[in-house]
Structures are given as structure tokens and as C-alpha cells.
Amino acid sequence: MPGVIGPKGENGDMGSLRILEPPVVRRKLTQCTWEASEDDRQSGPVHSCPFKKTNASTALYVRWTGLVRISRTNTGDCGRWFITFNGVECENPAKIDTQAYDSLEGTITPASVEGVCFDTGEGFVNIQLNVGPCRHHPQGDTYTGWQSVSRMIAEEVEI
């Protein structure tokens, strides 16, 4: 139960007004683009994008978008596009890749290859989109890019 109300006190000094703003988050982001690269190589690096990573304990988020085609051949019908960091595929937590299987002759389709990779160190990282054989199907005729822009976006992220 509340007590008896006492006499009114004197006014105190005026305080200062302080507005709290959320901290600004600076993103470490790079974008590389290729105008109609139209690359018909069957294996190896197709696109390279340099990135300067500032902290060994952060991860890299990578996303490549563009057009890909796989055509059936006498010996195969599958193609794999995958990301490497300084020539090595990600293992933590997993490979960053996509595979396309040709059920129709010469299908051109939009593709996205994206993921997060830990253990990429600090400093210069050469991020590459590669093409090569699938893991469980024989390779068909691969083609990357076709009359459009392909792009790779890489971002250093704290996880």
C-alpha cells in the first residue's frame, strides 16, 4: 500500500538530449562483371574475381549468376560449375557448386552458384568460377555466358 504523498520538491537541472542511432555497418563487398563472355571451355577457370579479405576469422559469401548451357554428346550429358578460392574448392562447410543435366539438346538456362566458405585466410583471395565434369555423370558440352552479363559478388561476412 502506498504511503502519504509528500510536499512538491524543487525543479532540478535540465538534462541533455541524446539521440541514440544504430551503428553504421560497413560491408566489405566486391562485384566483378563480364559482358557476354560466351566461353565454351570444358574445364578450368572461366571467370576470376580478386578480393582482399581483411580478417582470417571471417567467411566469404560468394554468388555467381549468369547463363549456362549443357549439350548432350556421344560420351556425356552433364556439366558442373563450381567456385574455388586461390585454386582450391571450399571444404568448410561444403563445396560451392551446381550441376546441369541435359535432357533436351542444347538448353540455355540461368544459373546461380552461391555459398559461404570458411577458412579462406586473410589477404588477397582469387575467387574463380570453374567448369568441369559432374561427380556422377559423364561430361557433356559445356558453355558459360551467352549474350548477357555474368556477375560475381563476394562479401566478407562475420559468422
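Here the structure is shown first, and the text comes after it.
Report on the accompanying structure. Note that the structure is predicted; figures quoted are calculated from it, not measured. (Residues numbered from 1 in each chain as written. Predicted model: local features only at pLDDT ≥ 70, side-chain atom pairs only at ≥ 80, totals over all residues. Heavy atoms only, no water.)

Now for the pattern of salt bridges. Counting across every chain of the model gives 8 salt bridges. Linking Arg 63 and Glu 114 is a salt bridge whose minimum nitrogen-to-oxygen distance equals 3.3 Å. Here Arg 63 is found in strand E3 (residues 59-71), whereas its partner Glu 114 is found in strand E7 (residues 107-117), with 51 residues between them in sequence. Judged by its relative accessible area of 39%, Glu 114 falls in the partly exposed class. Asp 97 is the partner of Arg 80 in a salt bridge, and the nearest nitrogen-oxygen pair spans 2.8 Å. Remark: Asp 97 occurs in strand E6 (residues 97-101) and Arg 80 occurs in strand E4 (residues 78-85); sequence separation between them is 17 residues. Looking at Asp 97, the relative accessible area reads 24%, which means it is partly exposed. (Salt bridge = Lys/Arg side-chain N within 4 Å of Asp/Glu carboxyl O. Helix = DSSP H or I, 4+ residues; strand = E, 2+ residues; numbered from the N terminus. Buried < 20%, exposed > 50% of the residue type's maximum accessible area, 1.4 Å probe, protein only.)

Moving on, we come to unusual backbone geometry. Cis geometry marks the peptide bond from Asn 92 to Pro 93, where omega comes out at 15 degrees. Phi angles above zero are rare outside glycine, and Glu 38 is one such case at about 40 degrees. Checked against the element boundaries, Glu 38 lands in the loop between strand E1 (28-35) and strand E2 (44-53). At Asp 119, a residue that is not glycine, the phi angle is positive and equals roughly 60 degrees. Here Asp 119 is to be found in the loop between E7 and strand E8 (123-132). Taking the relative accessible area as the measure of exposure, Asp 119 reaches 62% and is therefore exposed.

Any link to function would need more than the numbers given here.
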